[in-house]
Amino acid sequence: MAVVTSLYNHAAKLLANGEVDKANLKVVLLNGSGAFNAAYTQYSDVSANEVSGNGWDVGGELISNVAVTTVTTNDAKLDADDLSILAAGGSIGPAENAAILDATNNKLLVHIAFGSALTAGAGTPFLFTWNAAGIITFTV
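Note that residues are indexed from 1 along each chain, following the sequence as it is written. A pLDDT threshold of at least 70 governs which residues receive local features in this predicted model, and a stricter bar of 80 or more applies before side-chain atom pairs are shown or counted, although totals over entire chains, interfaces and linings include all residues. Hydrogens and water molecules were not included; the side-chain quantities draw on all heavy atoms of the structure.

Some details on the layout of surface pockets
Phase 1 of the analysis: Using a 1 Å grid laid over the protein atoms alone, points where a 1.4 Å probe fits but cannot get out form a cavity; open sets with protein on both sides within 12 Å along at least 5 of 7 lines form a pocket; any residue with an atom within 4 Å of a point counts as lining. Grid points are joined across faces, edges and corners, and a volume is the space filled by probe spheres set on the points. In this structure, the largest pocket occupies an estimated 230 Å³ of space.
Phase 2 of the analysis: What lines the largest pocket is a set of 13 residues, among which V3, T5, I112, T129 and W130 lie closest to the centre.
Phase 3 of the analysis: The way it works is that DSSP assigns letters per residue, a run of H or I at least four long becomes a helix, a run of E at least two long becomes a strand, and they are numbered from the N terminus. Those elements that place two or more of their residues in the lining of the largest pocket are β9 (107–120) and β10 (125–128).
Phase 4 of the analysis: Along the lines of polarity and charge, the residues of the lining of the largest pocket split into nine nonpolar, four polar and no charged. Following the grouping adopted for this structure description, the nonpolar residues are Ala, Val, Leu, Ile, Met, Phe, Trp, Tyr, Cys and Pro, the charged ones are Asp, Glu, Lys and Arg, and the polar ones are all others, Gly among them.

Right, dumping it as structure tokens:
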């Protein structure tokens, strides 16, 4: 199944206005009940569905080298380094969704639906390999 990324309703404004602490973006894993709701704004809106443990931290994992760059006159993209967290002491997951949030102000930015449940067994990494075109492209 295809991975689907979606911006929460307020995210483009936050990114365009420079209201996002790009040095403190985190990926939070979510279970199947963590489906996308565009109206959500805060980490607390999804935290009850968070998946953590065995190497994956509660509150998410930090994304490195985050950048927002221009793609065309009206389009920008959010991108970062790929993320790899090794499962230790058991499996990470299963997770069916994830959210990217600004951990400085707990604002949700991006929802990621995996299309199926993903698990990293003990000793293997849970990977986020971002699309070459960026994590998400948005119009401003």
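Brief notes about the pattern of salt bridges
Phase 1 of the analysis: The rule for a salt bridge is simple: a side-chain nitrogen of Lys or Arg has to be within 4 Å of a carboxyl oxygen of Asp or Glu. What the rule picks out here adds up to one salt bridge.
Phase 2 of the analysis: The partner of K13 in a salt bridge is E19, and the shortest N-O contact between them spans 2.9 Å.
Phase 3 of the analysis: Buried, partly exposed and exposed residues are distinguished by accessible area as a fraction of the type maximum, computed with a 1.4 Å probe on protein chains only: under 20%, between the cut-offs, and over 50%, respectively. Residue E19 is classed as partly exposed on the basis of its relative accessible area of 35%.

Description of the packing of aromatic side chains
Phase 1 of the analysis: In this scheme Phe, Tyr and Trp rings, the latter by its six-membered ring, pair at centre separations within 6.5 Å, and the angle between planes marks the pair as stacked below 30 degrees, edge-to-face above 60, and tilted otherwise. Scanning all chains against the criterion turns up seven aromatic pairs.
Phase 2 of the analysis: Ring centres of F126 and F128 lie 5.8 Å apart, and the angle between their planes is 40°; on these two criteria the pair is classed as tilted.
Phase 3 of the analysis: Using a relative accessible area of 5% as the deciding quantity, one classes F128 as buried.
Phase 4 of the analysis: Pairwise contacts between aromatic rings join W56, F114, F126, F128 and W130 into one cluster.

What about the pairing of strand β6 (residues 75–79)?
Phase 1 of the analysis: Burial along β6 is one-sided: A76 and L78 are buried, while D75, K77 and D79, pointing the other way, are not.
Phase 2 of the analysis: Relative to β6, strand β5 (residues 67–72) is paired through five bridges, and the arrangement is antiparallel. When the bridges of β6 are listed, A67 appears paired with D79.
Phase 3 of the analysis: At least two bridges found by DSSP between two strands is the condition for calling them paired. The loop that links β5 with its antiparallel partner β6 comprises two residues.
Phase 4 of the analysis: Relative to strand β11 (residues 136–139), β6 runs antiparallel, the two being bridged by four bridges.

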